[in-house]
Amino acid sequence: MPELPDVEKAAELVRDTAQGHKIERVETVEDLIAFSGISHEEFANEIVGRKVTNVGRYGKVFYIELDGEGRFPVLHFGMTGMLQIKGQSPTIYKEVPRKPSAQWPPRFMKFILHIRNETTNRVTELAFLDARRLGRIRLCADPLKEAPISGLGFDPILCMLPLEEFKKSVLKRSCPIKALLLDQSFSAGVGNWVADEILYHARVHPEERCNALSEEQLVAIHNWTEQVCRIAVEAKADEERFPENWLFKHRWGKGKKQKPSLKLPSGEFATINWITVGGRTSAYVAELQHLNSLQPLDRKHSSDHNQSPQEVSPEEGSTTSPTEKAVGIVTRGRKRKVTDKVEPSSPRRTKSKRS
């Protein structure tokens, strides 16, 4: 699932591609789930002909500010959302499962922005894709003050909590620290591997109860929450540029016959174990991250114990409602309508249908 560093990279891609340039045309595909609270036609009509003035990010959400009257696109990748520029490979999370397709429009696209650079007269096509339809496409008049961003917690890059406030907020909880870090209403943008990386460097077991953490552990978690996100963003979410001593570089061999590669400070190879915490598979180093709580979790029911409606959001910030899920069942087999919205001054193409 794309996390804060991946979303910042995507926001930067849009910024580099579109800032200062006009959205000349918008192609959309009907999707009653991905387009949240709006139709795909409404999305295209409201943004076409406007110039991109800025691209912002908060947590795992990014938004495109436009000139003129109207709302701004607010985008969330969910689990499989990504961007693709025509002629380039799509932005991907961790690895490409197969050779990227050269097909255009790309499979699973929800919309394509045709962006004209008025200096060079060049048009760039930028697509938003989502295979599993867990991402969301919205329009907001004030993205930072409206849902979903208004319901998020602190962003470790943009507004990290002061240490004392952070400690008070953690100590009043009784859930496992990994579950709290995954809660987007607490720390916006921290996802599964980022949380594991934070706890690895802080030397804290992912199942450690929040209200059982020591002063030293709290200081370490606070420090590494900001550091891990900052380093990953500075590396542009490129794992090749991550430090060699990061857990991320060694954690992906679960279930495979892979020799240990992460070394302990002693020089010996580390033991990476996996457990389920907060509904997610969690990696930790057995030699360095010890569980000190007097009441460890019942592993047989870890998913039930680790999640609570007040503290952990489903799909780490996903806003899929039961109604949306039902709609998905009804519409999944239906042919989707494709619209092609152009600037009022440009000739309009007729509507067509594409499966």
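Per an unreviewed UniProt entry, the recorded name for the chain is Formamidopyrimidine-DNA glycosylase catalytic domain-containing protein, and the organism is Jaapia argillacea MUCL 33604. Per its UniProt entry, the chain bears the Catalytic activity (unreviewed entry) comment "Hydrolysis of DNA containing ring-opened 7-methylguanine residues, releasing 2,6-diamino-4-hydroxy-5-(N-methyl)formamidopyrimidine." Entered under Sequence similarities (unreviewed entry) in the UniProt record, the comment concerning the chain runs "Belongs to the FPG family."

## Considerations on the sheet that holds strand β4 (residues 72–76)
Strand order across the open sheet formed by 4 strands is β2-β3-β4-β8, with antiparallel pairing between neighbours. Here the strands that pair on one side only, and so sit at the sheet edges, are β2 (52–58) and β8 (136–140). Neighbour-to-neighbour, the strand axes of this sheet turn through a mean angle of 20 degrees, independent of strand direction. With 5 bridges joining them, β4 and β8 adopt antiparallel strand pairing. Within β8, the position partnered with Phe72 by the bridge is Cys140.

## Points about the pattern of salt bridges
Tallying each qualifying case throughout the model produces 21 salt bridges. When the shortest N-O distance is used, the salt bridge between Arg15 and Glu8 registers 4.0 Å. For the salt bridge of Glu125 with Lys86, the shortest nitrogen-to-oxygen distance reads 3.7 Å. You can see Glu125 sitting in strand β7 (residues 122–130) and its partner Lys86 sitting in the loop between β5 (81–85) and β6 (109–117), a full 39 residues away along the chain. Lys86 sits in the partly exposed class, given a relative accessible area of 46%. Here the residues in one salt-bridge network are Glu8, Arg15, Arg57 and Asp155, joined through shared partners.

## Notes on helix α2 (residues 40–47)
Along α2, the residues that are buried comprise His40, Phe43, Ala44 and Ile47. In an axial view of α2, the angular spread of the buried residues amounts to 95 degrees, which keeps them on one side of the axis.

## Re the nonpolar core
Across soluble globular proteins, you tend to see nonpolar side chains buried next to one another. Core analysis: the biggest nonpolar cluster contains 34 residues, and Phe166, Val170, Ile177, Leu181, Ile198, Ile221 and Trp246 have the highest contact counts within it. Within the residue set of this core, elements represented by two or more residues are α3 (163–171), α4 (177–182), α5 (192–202) and α6 (215–234). Element by element, the count of residues in this core is highest for α6, at 8 residues. If you look at the next biggest cluster of nonpolar residues, it comprises 31 residues, including Phe35, Phe62, Leu66 and Phe72.

About the criteria used
- Residues numbered from 1 in each chain as written.
- Predicted model: local features only at pLDDT ≥ 70, side-chain atom pairs only at ≥ 80, totals over all residues.
- Heavy atoms only, no water.
- UniProt positions renumbered as here; feature names shortened; annotations may be inferred.
- Pairing = 2+ DSSP bridges.
- Helix = DSSP H or I, 4+ residues; strand = E, 2+ residues; numbered from the N terminus.
- Axes fitted to C-alpha atoms, helices over the stretch in contact; angles between N-to-C directions.
- Salt bridge = Lys/Arg side-chain N within 4 Å of Asp/Glu carboxyl O.
- Buried < 20%, exposed > 50% of the residue type's maximum accessible area, 1.4 Å probe, protein only.
- Arc of directions from axis to C-beta.
- Core = buried A, V, L, I, M, F, W, Y, C linked by side-chain atoms within 4.5 Å.

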